[in-house]
Amino acid sequence: MRCAVFVVTDGGLEIARQLFANLSGDSIDIFVKKTRILPSDMNESERAAMRTYGTLAQAVAETFKSYDALIFITAIGIAVRMIAPHIKSKLSDPAVIEIDERGGHTVSILSGHVGGANALTLKIADALKNEPIITTATDVNNLIAPDSLAPMLGLRPTPKPMIEVVNGAILEKKIVAWYIDSRMKRREFFRTKLARYGIAADVVDVSSFAPDAPAVLITDDERMKMDGVLFMVPRRLIAGIGCRRGATMDEIRAALIDAVESIGQDVAAVSEMASTTKKSDEAGLLELAKSLGIDIKFFENDIMQETIDKYHLNESSFVKKNIGIGNVCEAAALSAAGEKGGRWAMGKAKYAKVTVALLWEK
């Protein structure tokens, strides 16, 4: 996840630095007031992660839709007031987390399930060795809610009102059956994944499907509607790819497979590839897209630079010198997502001749 960490005091900055040093697998940008003098012992990577703001309210307004998670090292009241004007839906809002000024507690505030705040809260608490506070009813009762599984499986729950219905039934210890549409190419993938969480899902012919409500159905048919059923629809997974000149299809494929497996998926989950127009003649990229049977989109550098600026993406001076922009794979993935935006499944990963970033489209 891409995390924006907001600090207002010296003590908050020290906690943010601990988080930067110890939170593995997530990218962190630290937002400080522009008048703050940074500690002299900061290393190069820490300084590269620093962002400045004039007012906290303005910083939150600019980042609410461009980061996967907002982390406030402030009083919880400050965090709530800052995010209040921007909250829209649990299906699209970023994760919001608060850490107290002494670093003793990590609190999940918003988007605990679909947005991943609860899982990130536990991860941060482990990194900082403090106490996680999660108040979601299913979590405190040690029950598995479908919308909490959704981000781990790359699924989008719909319609929204059925989330509350299903979770309410689970809290009341009612049986909520899971099903998988037999038309899905990846039906065995999802059945195996659910089994790891102790969930047995029947593969069914939806033409004669009449379950006892409430129920959960994994399907890639977004047109389906059925009373009493929560649909779990696979999100589009966009692979942003950068590569050295002449990288072969096998080299790019190996990097992509490793990347998707690292997030618990398989290469069949990839819906689209994206890169810069500077790579539009790369045979390896074109051959891989054809082999996988998916589209690949190429974006002009000026479009990608706008994306880099909008999402505060880190840039490599070496890459910028060679192709004109300092970030390819992340900027390409976000450019492909367009106005819908997305949540990072994995930020930039470097391989021998390839870089890969994976983005779930919202």
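This report concerns the structure included in the present document. Sequence positions are assigned chain by chain, starting from 1 and proceeding in written order. The model is predicted, so local features are restricted to residues of pLDDT at least 70 and side-chain atom pairs to those at 80 or more, both for listing and for counting; the totals for chains, interfaces and linings are taken over all residues. To obtain the side-chain values, all non-hydrogen atoms of the structure were included, while hydrogens and water were left out.

Notes on a nonpolar patch on the surface
Part 1: Residues form patches when they are more than 30% accessible in relative terms and have no salt bridge. Like charges link within 9 Å. Nonpolar side chains (Val, Leu, Ile, Met, Phe, Trp, Tyr) link within 5 Å. Note on areas: Shrake-Rupley with a 1.4 Å probe; residue coverage comes only from the protein chains shown. Definition used for salt bridges: Asp or Glu carboxyl oxygen within 4 Å of a side-chain nitrogen of Lys or Arg. Together, Ile144, Met152 and Tyr197 make up a nonpolar patch on the protein surface, roughly 250 Å² of accessible area in all.
Part 2: With respect to the secondary-structure elements, Met152 resides in helix α7 (residues 146-153).
Part 3: Classification of residues uses two cut-offs on accessible area relative to the type maximum, computed with a 1.4 Å probe and protein chains only: under 20% is buried, over 50% is exposed, and between them is partly exposed. Looking at Met152, the relative accessible area reads 42%, which means it is partly exposed. Put simply, DSSP H or I for four residues or longer makes a helix, DSSP E for two residues or longer makes a strand, and each gets a number counted from the N terminus.

Points about the sheet that holds strand β2 (residues 27-33)
Part 1: Spatial ordering of the open sheet is given by β3-β2-β1-β4-β5-β6-β7, a layout of seven strands whose pairing is mixed. Edge strands, defined here as strands with exactly one partner in the open sheet, are β3 (50-53) and β7 (131-133). Strand-to-strand twist of the sheet, defined as the mean angle between neighbouring strand axes without regard to direction, takes the value 25 degrees.
Part 2: Both strand β4 (residues 69-73) and strand β5 (residues 95-99) contribute to a ladder of four bridges, which runs parallel. Paired with Leu70 across the two strands is Val96, which belongs to β5.
Part 3: By the convention used here, residues are in contact when the closest approach between their heavy atoms is within 4.5 Å. Note on geometry: axes are lines fitted to C-alpha atoms, helical ones only across the stretch in contact, with angles between N-to-C directions running from 0 to 180 degrees. Its contacts with the sheet place helix α3 (residues 56-63) against β1 (2-7), β2, β3 and β4, and it is angled at close to 175 degrees to β1. For two strands to pair, DSSP has to find at least two bridges joining them.

Digging into the pattern of salt bridges
Part 1: Going through the model one piece at a time under the given rule, you end up with 23 salt bridges.
Part 2: Linking Lys129 and Asp126 is a salt bridge whose minimum nitrogen-to-oxygen distance equals 3.9 Å.
Part 3: On the accessibility criterion, Asp126 (52% relative accessible area) is exposed.
Part 4: With a shortest N-O distance of 2.6 Å, Glu222 and Arg156 are connected by a salt bridge. Residue Glu222 is found in the loop between β11 (215-218) and β12 (229-234), and its partner Arg156 is found in strand β8 (residues 155-158); the two are separated by 66 residues along the sequence.
Part 5: Judged by relative accessible area, which is 56%, Glu222 ranks as exposed.
Part 6: Ionic contacts of the salt-bridge type, sharing partners, join the residues Arg236, Glu272, Lys297, Lys340 and Glu361 into one network.

Looking at helix α8 (residues 160-171)
Part 1: Here, expected helix span is obtained from the residue count minus one, scaled by 1.5 Å. The end-to-end C-alpha distance of α8, which contains 12 residues, comes to 18 Å, matching closely the 16 Å that a straight helix rising 1.5 Å per residue would cover.
Part 2: Every buried residue of α8 is listed here: Met162, Ile163, Val166, Asn167, Ala169 and Ile170. Within α8, the buried residues cover an arc of 155 degrees as seen down the axis, which keeps them to one side.
Part 3: Where α8 is buried, its residues contact α6 (137-140), α7, β8, β11 and β12. Regarding the arc, it is the one traced by the directions from the helix axis to the C-beta atoms.

Notes on the environment of Ile97
Part 1: Note on placement: Ile97 falls in strand β5.
Part 2: What makes Ile97 buried here is its relative accessible area of 0%.
Part 3: The sequence separation of Ile97 and Lys350 amounts to 253 residues, and the corresponding C-alpha distance is 29 Å.
Part 4: Aside from chain neighbours lying at most four places away, what touches Ile97 is Leu70, Ile71, Phe72, Thr106, Val107, Ser108, Ile109, Ala117, Leu120, Thr121 and Ile124.

Here's the deal with the packing of aromatic side chains
Part 1: In summary, the pairing rule links any two rings of Phe, Tyr or Trp, Trp by its six-membered ring, whose centres are within 6.5 Å, and it sorts them by plane angle into stacked for under 30 degrees, edge-to-face for over 60 and tilted for everything else. Under the definition given, this model contains five aromatic pairs.
Part 2: Centroid distance Tyr179 to Phe209: 4.9 Å. Interplanar angle 75 degrees. Geometry classified as edge-to-face. One end of the pair, Tyr179, is in strand β9 (residues 177-181); the other, Phe209, is in the loop between β10 (201-204) and β11, and 30 residues separate them in sequence.
Part 3: Judged by its relative accessible area of 15%, Tyr179 falls in the buried class.
Part 4: For Phe209, a relative accessible area of 10% translates into the label buried.
Part 5: Aromatic pair Phe189 and Phe190: ring centres 5.2 Å apart, planes at 80 degrees, arrangement edge-to-face.
Part 6: The exposure class assigned to Phe189 is buried, which follows from its relative accessible area of 15%.
Part 7: Residue Phe190 is classed as buried on the basis of its relative accessible area of 0%.
Part 8: Linked through ring pairs, Phe6, Phe31, Tyr67 and Phe72 together constitute an aromatic cluster.
Part 9: We note Arg2 situated over the ring of Tyr67; from NZ or CZ to the ring centre the distance is 4.3 Å. Charge-over-ring placement is defined geometrically: NZ (Lys) or CZ (Arg) within 6 Å of the ring centre, and within 35 degrees of the ring normal.

Observations regarding unusual backbone geometry
Part 1: Following Thr158, the chain continues into Pro159 via a peptide bond in cis, with omega recorded as -5 degrees.
Part 2: Inspection of the secondary structure assignment puts Pro159 in the loop between β8 and α8.
Part 3: In this chain, Ala213 is followed by Pro214 through a cis amide linkage whose omega measures -5 degrees.
Part 4: Residue position: Pro214 is located in the loop between β10 and β11.
Part 5: For Ser111, which is not glycine, the phi dihedral falls at a positive 60 degrees.
Part 6: One can find Ser111 in the loop between β6 (105-110) and α5 (117-128).
Part 7: Exposure remark for Ser111: the relative accessible area of 8% places this residue in the buried category.

Side note on the pairing of strand β15 (residues 295-299)
Part 1: Of the strand pairs in this sheet, strand β14 (residues 270-276) and β15 are connected by five bridges, and their pairing is parallel. The residue of β15 that forms the bridge with Glu272 is Asp295.
Part 2: Orient the strands so they point away from the viewer, and a crossover whose first-strand-to-second-strand path over the helix runs clockwise is right-handed. Between β14 and its parallel partner β15, the chain crosses via helix α11 (residues 283-292), and the hand of that crossover is right-handed.

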